[in-house]
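# Commentary on secondary and tertiary structure
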Amino acid sequence: MTDEKRQQGLEGPPPEERRTPAGRRNKQGIRIDPEVEATHKPRRTVISALVEHEPGVLAEVSGLFSRRQFNIESLTVGPTKDDDRARITVVVEEPDPGIDQIKKQLRKLLPVISVRELEPDAMRRELALVKVDAHDPAAVSAVAEMYDAKTVDSSPETATFEITGARQKINAAVETFSQFGIREISRTGLTALARGTDETAAAPSTDATASAADEANQQQTQQYTQTTTDD
Amino acid sequence: MSERAAKITPTDDDEQPDDQITDSATPDAAAETETEADSESTPKPVTNGAESVIRALENAGVEYAFGVQGGAIMPVYDALYDSDITHITMAHEQGASHAADAYGIVAGKPGICLATSGPGATNLVTGLADADMDSDPMVALTGQVPTEFVGNDAFQETDTTGVTTPVTKNNSFATDPDRVGTDVSEAFALASEGRPGPTLVDLPKDITKSETDVEPDAPKTPDTYTVQEEADPEIVEAAAERIENSERPALLLGGGVIKAEASEVCREFAIEHEIPVITTMPGLGSFPEDHELSMEMAGMHGTGYANMAVTHCDTLIGIGTRFDDRLTGGIETFAPDAELIHIDIDPAEISKNIHADYPLVGDAATVVEQLQEAVDASPQATKWRAQCQQWKSDYSMAYDTPEDEPVQPQFVVEALDEATSDNAIVTTGVGQHQMWACQYWTYTEPRTWVSSHGLGTMGYGLPAAIGARVAADDDQEVVCIDGDGSFLMTLQGLSVAVREDLDITVAVLNNEYIGMVRQWQDAFFDGRHSASDYGWMPEFDKLAEAFGAQGFRIDEYDDVADTIQDAIAYDGPSVIDVHIDPQANVYPMVPSGGDNGQFALTEDQL
Ligand SMILES: Cc1ncc(C[n+]2csc(CCOP(=O)(O)OP(=O)(O)O)c2C)c(N)n1
């Protein structure tokens, strides 16, 4: 080490004298025109995952969502035609990069066989059980009929209905029933399948990583539109 | 090191089923064993789950394991007794996991650690989380209470797979003695294939004790695990074109480059096309820092010139890096003019933090070769290279060493570097000393820098030095540059180093502070030193002697060179208690979330 070096401290132009680049990225790491704010707005979507039917899978999947702070709206699990496989249907609300991340992170879990985001036209259903006060049985039945609700239990004081359908329909039914006084509600969360011959989550396991990579690659062509923010 | 560490005294196990004992005592079985012993190639057949576990490790070529005994793991240790695997008994399971992690970094294949159920397993967690953040290959085998007690809050029961799921690449709970060996083989393969990481197999005592004659399969990942080796050729072409037309290209090499053994191809690529090279902290050693193209490390405490280069480049080729926030600073100002070419084996790293314009999923070595083939003309970047050199002199990493002040830590790091050979391995704790070790040691070879990056684990240095020593070549020196606070967290490991006669040198940069915290308190908390003043530090040289290691002490500049010489020359573990300037601080610094190009050179600029 030279004596000269010993004498110096760190030097060079201070921050304010340094040139700074013109570019900027948004919070999602995407390069943007600094004049406009560009962010992806969150959107609601349905992700379907085919998983090994073994203990701990649900904990692994839900743990992934919670520790990565993905905003989960609902999550349902159920068996499939294959005894060794279960289907997990998750509704999430995230900006696009977040949704991509969710799919890629899910695919990394070993018991996850395949992952797919469903098209907007996919069949989606929820089920709700609604227990209402039945002091006015006729009026209650009329509302039930309006929403195709099935009576599953009735007592002198209460009536319990089963309603299936899209979330909006159930929300509307619940709201209408509320005029009678709702005692309890239990809802399942959403389950979904792709339409027609389109397979919801294809089984061939070797596709799992390949499609993750494909999807990562596709991002290149994905256009990120820039919009000025409203607020 | 002693050939067979820690012989385990066989214990009478009351629970051992009688039939098993009579079984092996029958003349038939004895005869079989004899003939088997004659032919070296056929090992003794396995008779229980634990032997199958050990056989799986042997099949995988495992030579060393680090661990601590205990009730639930005893059957596995019993099987280890007859194995050629050298077991190193650690003083604490956390040390076992860090040693295994460091072994994995230096050797490039999974390090193994063993622990019993409950507290043994929970003590491994820090090391697992550390390896997970840094993608280090490692296999943990934990004992578990017998299956029938699982879930009943039995003595020393912990839901180990539950606790470790978020901090392992994969874990499994063994349920079948016929399969337990294969579970371990699979864990081994998963730890090293694709993006490496820690794996764990939880081993209930009844499973390891139960009879089985099933030999484990060879290490192989499950069929559902596939890794893409080659990147999409079309995007490779597009990326190559971008590089050719770039005016301000820069390579950013991360830890993945070292893990994928891609240092060599990256060097060739950079040198052929004369592209300046920046590394991340885990990427230290992937490119020789004494090369003209090296800009060294970027990020929070990176060099000024690396941070200028990363901020002003127009094409950034990030390889095996996950764009951690300590590297990027604020996302908005990270390489804001650059189109990003991102090479990574894990698709989930692509566009996780920074959007990749050219996503290249695949093995780093393979993809860089693809890229090398596709790039026809080097970028025209003479002006840019000159600018980079200018920044190197503008922001040179120098420091003052006034004779009337205590020893400056940077001086000690440089002296240690000078006293050792190029392939010497450095391990560290976490804090200021770690940053000086990054900044003032000149790394030229991959797998010579062993530190806790993502998790930032104080106490990592000494156990890591133990693991690194075991994995290193005999002619490689192993130096642990530690902080007083960090050393205090795991110094019981000295007992291991002494017992195993490991030639390591620990230099404790003793400032009687947990210095990095003191630095932040000075900068951001009005100098209120809440709980960071460690004025009650033991004398580390004397402490070392109490353990049976060699102790040294440095108080002034005149001691530095000679004492370091003596400590390095000492054949066995030595500890130098280096009393440094307690007020010394780490600069340059980018405050968290700040702009890399606006790094501060002094506290006033923060
Ligand atoms: C296990 C753990 N606890 C706390 C911290 C927070 N922390 C980060 S740096 C630091 C100070 C380290 O002090 P020391 O090891 O003496 O090193 P120095 O900064 O003085 O070089 C602390 C407490 C940590 N990183 N790890």
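This structure is a prediction, so every number in the text was calculated from the model and none was measured.

## Regarding the domain arrangement of chain A
Residues and elements named next belong to chain A. Taken as a whole, chain A is organised into domain 1 (43–118) and domain 2 (123–193). Opposite the eight residues of domain 1 that make contact, domain 2 presents eight residues. Contact between domain 1 and domain 2 buries roughly 670 Å² in total, counting both sides, with carbon and sulfur atoms accounting for 56%. Seen at the junction of domain 1 and domain 2, the total is two residue pairs in polar contact (both at pLDDT 80 or more). At the level of elements, β3 (43–52), β4 (72–79) and β5 (85–94) are the ones that each hand at least two residues to the side of domain 1 that touches domain 2. Here the side of domain 1 that touches domain 2 gets three residues from one element, more than from any other, and that element is β5. The class makeup of the residues in the side of domain 1 that touches domain 2 is three nonpolar, three polar and two charged.

## Section: helix α3 (residues 49–59) of chain B
Residue pairs three or four apart in sequence face the same way in an α-helix, which turns once every 3.6 residues. All names here are of chain B. Burial of α3 is extensive: eight of the 11 residues sit out of reach of the surface. For α3, the full list of buried residues reads Gly-49, Ala-50, Ser-52, Val-53, Ile-54, Arg-55, Ala-56 and Leu-57. Near the N-terminus of α3, the side chain that reaches the backbone nitrogen of Ala-50, with its oxygen 3.2 Å away, is that of Asn-48. Looking one or two residues beyond α3, the residue adopting positive phi is Gly-61, at roughly 85°.

## Focus on the side chain of Thr164(B)
All names here are of chain B. With respect to the helices and strands, Thr-164 occurs in helix α7 (residues 160–164). For Thr-164, a relative accessible area of 1% corresponds to the buried category. Residues in contact with Thr-164, not counting those within four places in the same chain, are Val-125, Leu-128, Asn-171 and Leu-200.

## Comments concerning the packing of aromatic side chains
Across all of its chains, the model carries 15 aromatic pairs over all chains by this definition. Here the aromatic cluster, defined as three or more aromatic residues joined through ring pairs, consists of Phe161(A), Phe177(A) and Phe180(A). One residue, Arg18(A), lies across the ring of Phe599(B), its end atom 3.8 Å from the ring centre. Residue placement shows Arg518(B) over the ring face of Tyr513(B); its charged tip is 5.3 Å from the ring centre.

## A few points about the interface of chain A and chain B
Each partner contributes residues to the interface: chain A has 45 residues there, and chain B has 59 residues. Surface buried jointly by chain A and chain B totals about 4,700 Å² across both partners, of which 51% is contributed by carbon and sulfur atoms. Counting the surface chain A buries against chain B, the share from its top three residues, Leu10(A), Arg25(A) and Leu110(A), is 17%. Here chain A and chain B share three salt bridges between them. Across the pair Glu339(B) and Arg31(A) runs a salt bridge, and its minimum N-O distance is 3.7 Å. Inspection of the region where chain A meets chain B yields 18 residue pairs in polar contact (both at pLDDT 80 or more). Secondary structure elements with two or more residues in the side of chain A that touches chain B: α1 (3–7), β1 (24–25), α2 (57–67), α3 (96–108) and α6 (207–218) of chain A.

## Observations regarding the nonpolar core
All names here are of chain B. If you look at the biggest cluster of nonpolar residues, it comprises 72 residues, and the most contacted ones within it are Ile-278, Leu-316, Ile-481 and Ile-564. When neighbours within four sequence positions are excluded, Leu-316 is seen to be in contact with Ala-250, Leu-252, Val-310, Phe-323, Phe-334, Ala-335, Ala-338, Glu-339, Leu-340 and Ile-341. Counting residues in each nonpolar core, the second largest holds 51 residues, with Met-90, Ala-131, Val-470 and Leu-494 among its members.

## Remarks on the UniProt feature "domain: ACT" (unreviewed entry) in chain A
The positions UniProt marks with the feature "domain: ACT" (unreviewed entry) are residues 46–120 of chain A. In the segment residues 46–120 of chain A, helix accounts for 32% and strand for 41%; the C-alpha atoms at its two ends are 8 Å apart.

## Some words on the UniProt feature "domain: Thiamine pyrophosphate enzyme central" (unreviewed entry) in chain B
In the UniProt entry, the feature "domain: Thiamine pyrophosphate enzyme central" (unreviewed entry) is given for residues 236–371 of chain B. Taken end to end, residues 236–371 of chain B comprises 34% helix and 20% strand; its first and last C-alpha atoms sit 6 Å apart.

## Comments concerning a negative patch on the surface
Residue and element names in this part refer to chain B. Together, Glu-264, Glu-268, Glu-272, Asp-290, Glu-369, Glu-373, Asp-422 and Glu-445 line one region of the surface with negative charge. Taken together, the elements giving at least two residues each to the negative patch come down to α12 (263–273) and α15 (364–374). Looking at the negative patch element by element, the count peaks at three residues for α12. Tracing the backbone through its elements, the reader meets Asp-422 in the loop between α17 (409–419) and β13 (425–428).

## Re the site of the ligand
All names here are of chain B. In the vicinity of the ligand there are 17 residues, among which Gln-432, Gly-456, Asp-484, Ser-486 and Gly-515 approach most closely. Backbone polar atom of Met-458 to a nitrogen atom of the ligand: 3.3 Å apart, as the coordinates give it. Within the contact set of the ligand, an oxygen atom lies 2.7 Å away from a backbone nitrogen or oxygen of Gly-515. Summarising the interface, the protein chains cover 76% of the accessible area of the ligand, which totals 590 Å² for the free molecule. Of all the secondary-structure elements, those providing two or more residues to the shell around the ligand are α18 (432–440), α20 (484–490) and α22 (515–524). The biggest single contributor to the shell around the ligand is α20, with four residues. Residue composition of the shell around the ligand, by class: seven nonpolar, nine polar and one charged.

## Describing the pairing of strand β2 (residues 86–89) of chain B
All names here are of chain B. Sheet analysis places strand β1 (residues 64–67) next to β2, joined by four bridges and oriented parallel. Across the sheet, the residue bridging to Phe-66 is Ile-88, located in β2. Crossover connection from β1 via helix α4 (residues 74–80) to parallel β2: handedness right-handed.

## Concerning the environment of Asp522(B)
Residues and elements named next belong to chain B. Summarising the element assignment, Asp-522 is placed in helix α22. Sequence spacing of Asp-522 and Glu-193 is 329 residues, and the spatial spacing of their C-alpha atoms is 44 Å. Excluding anything up to four places from it in sequence, Asp-522 contacts Gly-527, His-529, Gln-583 and Glu-603. A distance of 2.7 Å separates a polar atom in the side chain of Asp-522 from a polar atom in the side chain of His-529.

## Some details on the pattern of salt bridges
Opposite charge on two side chains allows them to pair when their charged atoms are near. With the rule as written, the count across this model stands at 35 salt bridges over all chains. Salt-bridge contacts for Arg44(A) lead to Glu73(A); the nearest nitrogen and oxygen are separated by 2.7 Å. Of this pair, Arg44(A) sits in strand β3 while Glu73(A) sits in strand β4, and the two are 29 residues apart along the sequence. Note on Arg44(A): relative accessible area 33%, which makes it partly exposed. Of the residues examined, Glu73(A) reaches a relative accessible area of 38% and is grouped as partly exposed. Close ionic contact of Glu349(B) with Arg195(B) constitutes a salt bridge, the shortest N to O distance being 2.8 Å.

## Re the sheet that holds β3(A)
Where strands meet in a sheet, backbone hydrogen bonds hold them as pairs that are either parallel or antiparallel. Residues and elements named next belong to chain A. Spatially, β4-β5-β3-β6 is the arrangement adopted by the four strands of the open sheet, whose pairing is antiparallel. In the strand order of this sheet, the two ends are held by β4 and β6 (112–117), each with one partner. Going across the sheet, the axis of each strand differs from the next one's by a mean of 15°, ignoring polarity. Sheet topology places β4 next to β5; seven bridges connect them, and they run antiparallel. Among the inter-strand pairings, Thr-76 is bridged to a residue of β5, identified as Thr-89.

## Some thoughts on the pairing of strand β4 (residues 138–144) of chain B
For a regular strand, side-chain orientation follows a simple rule: the groups alternate between the two sheet faces. All names here are of chain B. Most of β4 is tucked away: seven of the seven residues are buried. The alternating pattern of β4 places Met-138, Ala-140, Thr-142 and Gln-144 on one face and Val-139, Leu-141 and Gly-143 on the opposite face, and all of these are buried. Note that strand β3 (residues 111–115) and β4 share five bridges and pair parallel. Bridge pairing in β4 places Ile-112 opposite Val-139. Once the chain exits β3 it traverses helix α6 (residues 119–134) before rejoining the sheet at β4, and the crossover so formed is right-handed.

Rules used throughout
Residues numbered from 1 in each chain as written. Chains lettered and ligands numbered in written order. Predicted model: local features only at pLDDT ≥ 70, side-chain atom pairs only at ≥ 80, totals over all residues. Heavy atoms only, no water. Domains from an automatic or database assignment. Contact = heavy atoms within 4.5 Å. Buried area = accessible area lost by both parts, 1.4 Å probe. Polar contact = N/O pair within 3.5 Å; in protein donor to acceptor, adjacent residues only side chain to side chain. Helix = DSSP H or I, 4+ residues; strand = E, 2+ residues; numbered from the N terminus. Nonpolar A, V, L, I, M, F, W, Y, C, P; charged D, E, K, R; others polar. Buried < 20%, exposed > 50% of the residue type's maximum accessible area, 1.4 Å probe, protein only. Phe/Tyr/Trp six-rings, centres within 6.5 Å; stacked < 30°, edge-to-face > 60°. Lys NZ or Arg CZ within 6 Å of the ring centre and 35° of its normal. Salt bridge = Lys/Arg side-chain N within 4 Å of Asp/Glu carboxyl O. Core = buried A, V, L, I, M, F, W, Y, C linked by side-chain atoms within 4.5 Å. UniProt positions renumbered as here; feature names shortened; annotations may be inferred. Patch = residues over 30% accessible without salt bridge, like charges linked within 9 Å, V, L, I, M, F, W, Y side chains within 5 Å. Areas by Shrake-Rupley, 256 points an atom, 1.4 Å probe, with all protein chains shown as cover. Lys, Arg positive; Asp, Glu negative; His and termini not counted. Charge placed at Lys NZ, Arg CZ, Asp CG, Glu CD. Near = heavy atom within 4 Å. Pairing = 2+ DSSP bridges. Right-handed = clockwise from strand over helix to strand, strands pointing away. Axes fitted to C-alpha atoms, helices over the stretch in contact; angles between N-to-C directions.

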